[in-house]
Structure formats: C-alpha cells, structure tokens
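Given next are the chains, with one letter for each unit.
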Amino acid sequence: MNIDFHTHVNLSKTIAVTLEELLEKMAEAKQSGLDAVALTEHFNAVNFLHIYDMLDAHFPISGDCYIVNGVKVFPGIEIDVAENGHFLAVADSTIIRRIRNRLNGHEKEGHFIPVQELADFLKDLPVLKIAAHPFRVSTPWTQHEHAILNQFDAFDINGKDLYRYGEVMKQQVEDFAARYDAPAVGGSDTHQFFQYGSVINEFPDCDTVGELKHALISRNYTVQLSPALQTKVRAAKYIKKMLKLEYS
C-alpha cells in the first residue's frame, strides 16, 4: 500500500473544497501511485467539520478510513500549537471530530493551544501522532523539550521542505527522529494535486490506525522520493498561486 501521511484537500484554509474537487483529487492521487492518504486538513480551515460531513454522506468506511475513488482516506488534522510547531494527528473520524471540538477558541494565532495541553488531551486516545515538518524555519519542532518530542509516533519527511531545502532533509529528519527512537514518514503536504506522489511510503495493506502504528513500530515500510519531486512541488505551488488569484 502506497500512502502519503500529510495531505490537504482545500486549496487553502479559506477556500473550501467541493465534492467534485475532492473526487478529482483522489483520482489524481490514485493516478500518482497512491493507494491511501492521511487527510490532515488544517484544524482552523473554514470548512473542517463540513469535510467530514461530506465524507460521511457520500463514501463508505472500511476500518478507520473512507474509500474515495478507490483511495483509502484516513481522517486526520493539522494543529498549530502555541509554542510554534504543527502537530499531525491521524485517527478515526469520531476521534478527529472530538479533537477539533476540543480546539474551539484556539483557532487564531495568539490563542493556539499549548503543546502540553494538547499532549495531555491526546495521551489516552487511539491517535497516530506525527511532528510535521520539524525543521521548517517558520514552524520548527527543534526548540521543544525532549518530553514533548518523545510523545510522537513519527516525524514528517515533508515534500515542501525537500523542495525548499534539498533532499538532504530526508536524512536530517531521520536522524532527528532516531534521537527519540521514532520513525520518519513521508508527506507531500499537498494542497494542489500535482504534488501527489512527490513522497510515497510503501506500507503493508492497512485499514486501521492501529495497523499503521504497528507497521511504523516494526519499521515495516520504506519512504520513496519521486525523481520528479522538484517539478511536482514547483508545478503545484504555481497552480495554487494562480487558483488563489481567481478566488481573490
């Protein structure tokens, strides 16, 4: 199973995806070699809960994931924390809705949830926790204490960061993750479908978050970077910019 652990279906936090666009994006994900994605939409996107209303209304569930155009869509969320850093959580849709509701009142900068408060809330929930783009200059995780970083199940080898900082970032994230005896997994961080396939994780077939975590713990997976990564991310950035102008 080829899976991408960091994806978005909205073009931006303020531009909501339609059902037709969602179907198109999953078709493109499949065309790009993906069998599964973690849908880690930004928690403060204008339509966050509506996305799950749309998924519930139109698509079947197998285990913890929706099946959309033949692609397994694992529910997820990307959360800003007060001390700086983006936190990815992957779980079943009920848990993701619960997490989002817990974040009411924390949507704006200056009011983001403290990381320890988030960690305490998630501690006993069946959630896959990933530190997003840990070396990104704008939202790093490197400044956090060991106790915070030690909670993560994995660290994000991020497609945008590989584009921006070079493919040496893969080894840098893997080395950082190793300090916490954690694996590193790939995520395209796409908002525009050209970016699908820039980073792919080859996993055994999984239908539940528990199965994903087991594969991670046993290191039963590989991370593959596309030889076209630079072109894919550059094209997606350009198209995203053009499309956002249409909405402005």
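## Some words on the overall build of the protein chain
- What the protein chain contains, in helices and strands, is nine helices and eleven strands.
- By its C-alpha atoms, the protein chain is 45 × 40 × 35 Å across when sized along the principal axes.
- Looking at the protein chain residue by residue over its 248 residues, the buried ones come to 55%.
- The long-range fraction of contacts in the protein chain, counting pairs at least 24 apart against all pairs at least 6 apart in sequence, stands at 75%.
- Looking at the protein chain as shown, the accessible area adds up to about 10,500 Å², and 51% of this sits on carbon and sulfur atoms.
- Of note, the protein chain has its 24 positive side-chain charges centred 4 Å away from the centre of its 33 negative side-chain charges.

## Let's talk about helix α7 (residues 168-178)
- Those residues of α7 not exposed but buried are Met-169, Lys-170, Val-173, Phe-176 and Ala-177. Here the buried residues of α7 occupy an arc of 135 degrees about the axis, which is enough to place them on one side. For α7, the exposed residues lying more than 90 degrees away from the buried face are Val-168 and Ala-178.
- Looking at the buried side of α7, the elements it contacts are α5 (146-149), β8 (154-158), α6 (159-165), β9 (184-187) and β11 (222-225).

## A look at the packing of aromatic side chains
- A full pass over the atoms with the stated rule returns 14 aromatic pairs.
- Look at Trp-141 and Phe-152: their rings are 5.0 Å apart centre to centre, the planes differ by 75 degrees, and that puts the pair in the edge-to-face class. With a gap of eleven residues between them, Trp-141 in the loop between β7 (128-131) and α5 and Phe-152 in the loop between α5 and β8 connect regions that are remote in the sequence. Phe-152 carries the same exposure label as Trp-141, and that label is buried.
- Taken together, the ring pairs in this structure connect Phe-87, Phe-135, Trp-141, Phe-152, Phe-155, Phe-176 and Tyr-180 into an aromatic cluster.
- Here the guanidinium or amino end of Arg-102 rests over the ring plane of Phe-121, the centre of that ring lying 5.9 Å away.

## Here we look at the nonpolar core
- Judged by nonpolar contacts, the single largest core of 80 residues is most densely connected at Ile-99, Phe-155 and Phe-203.
- Excluding its chain neighbours within four sequence positions, the residues that come into contact with Phe-203 are Met-1, Ile-3, Phe-5, Leu-212, Ala-215, Leu-216, Asn-220 and Tyr-221.

## Let's talk about the pattern of salt bridges
- Per the counting criterion, the structure on display carries twelve salt bridges.
- Lys-72 is the partner of Asp-205 in a salt bridge, and the nearest nitrogen-oxygen pair spans 2.7 Å. With a gap of 133 residues between them, Asp-205 in the loop between β10 (199-202) and α8 (209-217) and Lys-72 in strand β5 (residues 71-80) connect regions that are remote in the sequence.
- Accessibility expressed as a relative area gives 58% for Asp-205, which makes it exposed.
- Given the relative accessible area of 13%, Lys-72 is considered buried.
- Within the structure, one salt-bridge network assembled from shared partners comprises Asp-53, Asp-56 and Arg-97.

## Details of the side chain of Glu-41
- Within the element layout of this structure, Glu-41 appears in the loop between β2 (36-39) and α2 (48-58).
- Buried charge without a salt bridge: Glu-41, with Lys-25 as the nearest opposite-charge side chain at an N-O distance of 7.2 Å.
- Within the local environment of Glu-41, its side chain forms a polar contact with the backbone nitrogen of Val-9, the two atoms lying 2.9 Å apart.
- In this structure Glu-41 touches Thr-7, His-8, Val-9, Asn-10, Phe-48, Ile-51, Gly-76, Ile-77, Glu-78 and His-191, once residues within four positions along its chain are discounted.

Definitions and cut-offs
- Residues numbered from 1 in each chain as written.
- Predicted model: local features only at pLDDT ≥ 70, side-chain atom pairs only at ≥ 80, totals over all residues.
- Heavy atoms only, no water.
- Helix = DSSP H or I, 4+ residues; strand = E, 2+ residues; numbered from the N terminus.
- Buried < 20%, exposed > 50% of the residue type's maximum accessible area, 1.4 Å probe, protein only.
- Contact = heavy atoms within 4.5 Å.
- Areas by Shrake-Rupley, 256 points an atom, 1.4 Å probe, with all protein chains shown as cover.
- Lys, Arg positive; Asp, Glu negative; His and termini not counted.
- Charge placed at Lys NZ, Arg CZ, Asp CG, Glu CD.
- Arc of directions from axis to C-beta.
- Phe/Tyr/Trp six-rings, centres within 6.5 Å; stacked < 30°, edge-to-face > 60°.
- Lys NZ or Arg CZ within 6 Å of the ring centre and 35° of its normal.
- Core = buried A, V, L, I, M, F, W, Y, C linked by side-chain atoms within 4.5 Å.
- Salt bridge = Lys/Arg side-chain N within 4 Å of Asp/Glu carboxyl O.
- Polar contact = N/O pair within 3.5 Å; in protein donor to acceptor, adjacent residues only side chain to side chain.

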